[in-house]
Amino acid sequence: MDNKIVLTGIKPTGTPHLGNYIGALKSLIKCAETNKTFVFIADLHALNLIKDASKIRQYSYEIAGMLIALGLNLENAVLFRQSDVNAVYQLSNLLMNVTPKGLMNRAHSYKAIVEKNTESGIDIDSGVNMGLYTYPVLMAADILLYNSDIVPVGADQKQHVEFARDIAGYFNNTYGEIFKMPEPVIGEDNGIIPGLDGRKMSKSYDNTIPLFAPENELKKKIMRIITDSKTPEEPKNPDESTIFQLYTHFANEAETAEFRKMFTDGGMGYGTAKTILFEKINSSLAKAREKYEYLMNNKAEIDTILQKGAEQASVVADKTIKHVKKVMLG
Ligand code: TRP
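These numbers were taken from a predicted model, which means no experiment stands behind them.

Engineer: Would you mind showing me how to read the overall build of the protein here?
Structural biologist: Within the protein one finds 14 helices and five strands. For 330 residues, the compact-globule estimate of 2.2 N^0.38 gives 20 Å, and the protein sits close to it at 22 Å. Evaluated residue by residue, the protein yields a buried proportion of 49% over its 330 residues. At a minimum sequence separation of 6, the contacts of the protein that also span at least 24 residues come to 76%. When the accessible area of the protein is evaluated, it comes to approximately 16,400 Å², of which 50% is carbon and sulfur surface. If you average the places of the 38 positive and of the 40 negative side-chain charges in the protein, the two averages end up 4 Å apart.

Shown next, in the form of structure tokens:
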């Protein structure tokens, strides 16, 4: 997918964990090696949920710091805060006028709340603010503002990218071919990344391993991975083991094959397996973690990068909004 404009947003609603890294960040960083990429911290999208500015700010630094520490290619990638580009508020508002209300009613996240409220016998819109309801329009503005070709997202965001296409279509039908049609790209199938309790690693299950936890905390977390009660001697099924699953994402093929054999042969206790996993993850992330810790203690360096990103993004965004205003308002 070379020479395409790639765009994605990351919502600052929590500290990035291994599941985020394996599921999305790794491939995003790889993609930015060869493509013009817009990566932004979707802080405006966090607003409907998080009302504490200091949290949004902190998580935003963590996400930016993490991407920089992991080596995001800043020659190709424009890294910025969504809220630093004024045109996005404008485009979002303008797009409201071609967006059918019924489309918003069909959004999975909104529908899920309506269903829950209905079951509870309360007002269907209880707990729904307009930020949540119009979330897909803001996301369409993000995508359309930068003429994106490709939008890598998790499966849960696919509908939102399809909505961006729908909205672009409504707009183009009314005003002429202004917007490109973006394509959602759903991350290569990394399967479900298991968390400490074996369920999908997710903040909502409180089973995550933070990506850049200090070494001793990382070790503690890994030692807490839940296993079955097989004795060290017994052969074990690697495909049912969280330890093995996590290992595969950091090890090469030969190492993975060897570790698999240690499971199936028997003779390795889970404690040993966890230590092997810890050492692998720890050594893979040590350099990036050091850089991350440095950046978190020198946030001004992150600010400089984000500011430069916002300026670069604004050049493209301002051009789009000027054009859109012209066709809509004359
Ligand atoms: N809604 C996305 C999420 O929750 C984040 C996001 C905001 C985004 N704007 C975007 C993703 C534009 C891709 C493109 O993960």
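From this point on, the discussion continues.
Engineer: What am I meant to see in the layout of surface pockets here?
Structural biologist: In this approach the atoms are scanned with a rolling probe the size of a water molecule, which exposes any empty space left behind. Roughly 230 Å³ of volume is contained in the second largest pocket. At the level of secondary structure, the elements contributing two or more residues to the lining of the second largest pocket comprise α2 (43–46), α4 (87–95), α7 (130–133) and α8 (135–145). Partitioned by chemical class, the residues of the lining of the second largest pocket number eight nonpolar, six polar and no charged.

Engineer: Help me understand the pairing of strand β2 (residues 36–41), please; the structure alone is not making it clear to me.
Structural biologist: Successive side chains on a regular strand alternate, one facing one side of the sheet and the next facing the other. For β2, the tally of buried residues reaches five of six residues, placing the bulk of the element in the interior. Across six bridges, the pairing between strand β1 (residues 5–10) and β2 is parallel. Its bridge partner lying in β2, T8 is registered against V39. For the handedness criterion, the β-α-β arrangement of β1, helix α1 (residues 18–31) and β2 is classed as right-handed. As paired elements, β2 and strand β3 (residues 77–81) share five bridges and run parallel to each other.

Engineer: Is there a simple way to explain the site of the ligand in this structure?
Structural biologist: Close contacts around the ligand come from 14 residues, with H45, Y135, M139, D142 and Q157 the closest. Side-chain polar atom of Y135 to a nitrogen atom of the ligand: 2.6 Å apart, as the coordinates give it. At a separation of 2.8 Å, a nitrogen atom of the ligand approaches a polar side-chain atom of Q157. Protein contacts shield 90% of the accessible area of the ligand, which totals 370 Å² for the unbound molecule. Put simply, the parts of the chain that give the shell around the ligand at least two residues each are β1, α8 and β4 (150–153).

Engineer: Help me understand the packing of helix α10 (residues 215–223) against helix α13 (residues 270–297), please; the structure alone is not making it clear to me.
Structural biologist: Packed helices, taken two at a time, are described by their axes: the angle between them and the distance between them. As a packed pair, α10 and α13 sit with axes 9 Å apart at the nearest point and diverge in direction by 145°. Taken as a pair, α10 and α13 cross one another with a handedness that is right-handed. Between α10, through E215, L218, K219, I222 and M223, and α13, the contact on the second element is made entirely by G271, K274, T275, L277, F278, I281, N282 and R289.

Engineer: Honestly, the nonpolar core in this entry has me stumped. Any pointers?
Structural biologist: Grouped burial of nonpolar side chains is what soluble globular proteins tend to show. Core analysis: the biggest nonpolar cluster contains 52 residues, and M66, L67 and F212 have the highest contact counts within it. Among the elements that make up this core, the one with the highest residue count is α13 (ten residues). Beyond its immediate chain neighbours, meaning those up to four positions away, L67 contacts I10, L25, L28, I29, V39, L72 and L79. The next biggest cluster of nonpolar side chains, apart from the first, holds 48 residues, and it includes L94, L95, V137 and I167.

Engineer: How should I be thinking about the environment of H45 in this particular structure?
Structural biologist: Take H45: it is sitting in helix α2. Placed 93 residues apart in sequence, H45 and L138 show a C-alpha to C-alpha distance of 7.8 Å. Leaving out residues up to four positions away in the same chain, H45 has contacts with K11, Q82, Y135, L138, M139 and D142. A polar contact of 3.4 Å, which involves the side chain of H45, links it to the backbone nitrogen of M139.

Engineer: Could you clarify how one ought to interpret the pattern of salt bridges in this entry?
Structural biologist: A pair can form between side chains of opposite charge whenever their charged atoms are brought close. Taken as a whole and judged by the stated rule, the model has nine salt bridges. A salt bridge links R260 to D239; the nearest nitrogen and oxygen atoms lie 2.8 Å apart. Linking R260 in helix α12 (residues 253–265) with D239 in the loop between α10 and α11 (242–248), this pair joins segments that are 21 residues apart in sequence. The partly exposed category is assigned to R260, whose relative accessible area is 33%. A residue is classified by how much of its surface remains accessible, and D239, at 48% relative accessible area, is partly exposed. The partner of D265 in a salt bridge is K261, with the nearest N and O atoms 2.9 Å apart. Note that D265 and K261 are positioned in helix α12 at a spacing of four residues, about one turn of the helix. For D265, a relative accessible area of 47% puts it in the partly exposed group.

Engineer: Any chance you could explain α4 here in plain terms?
Structural biologist: In an α-helix, one turn spans 3.6 residues, which is why side chains three or four residues apart end up on the same side. Turning to α4, its buried residues are A87, V88, L91, S92, L94 and L95. Along α4, the residues classed as buried sweep out an arc of 165° about the axis, all on the same side. Elements that come into contact with the buried residues of α4 comprise α2, α8, α9 (158–175) and α14 (299–329).

Calculation rules
Residues numbered from 1 in each chain as written. Predicted model: local features only at pLDDT ≥ 70, side-chain atom pairs only at ≥ 80, totals over all residues. Heavy atoms only, no water. Helix = DSSP H or I, 4+ residues; strand = E, 2+ residues; numbered from the N terminus. Rg over C-alpha atoms; globule rule 2.2 N^0.38 Å. Buried < 20%, exposed > 50% of the residue type's maximum accessible area, 1.4 Å probe, protein only. Contact = heavy atoms within 4.5 Å. Areas by Shrake-Rupley, 256 points an atom, 1.4 Å probe, with all protein chains shown as cover. Lys, Arg positive; Asp, Glu negative; His and termini not counted. Charge placed at Lys NZ, Arg CZ, Asp CG, Glu CD. 1 Å grid on protein atoms, 1.4 Å probe; cavity = no way out; pocket = protein on both sides within 12 Å on 5 of 7 lines; lining within 4 Å. Points joined across faces, edges and corners; volume = space filled by probe spheres on them. Nonpolar A, V, L, I, M, F, W, Y, C, P; charged D, E, K, R; others polar. Pairing = 2+ DSSP bridges. Right-handed = clockwise from strand over helix to strand, strands pointing away. Near = heavy atom within 4 Å. Polar contact = N/O pair within 3.5 Å; in protein donor to acceptor, adjacent residues only side chain to side chain. Axes fitted to C-alpha atoms, helices over the stretch in contact; angles between N-to-C directions. Left-handed = near helix turned anticlockwise from the far one by under 90°. Core = buried A, V, L, I, M, F, W, Y, C linked by side-chain atoms within 4.5 Å. Salt bridge = Lys/Arg side-chain N within 4 Å of Asp/Glu carboxyl O. Arc of directions from axis to C-beta.

Purely geometric numbers; function is a separate question.
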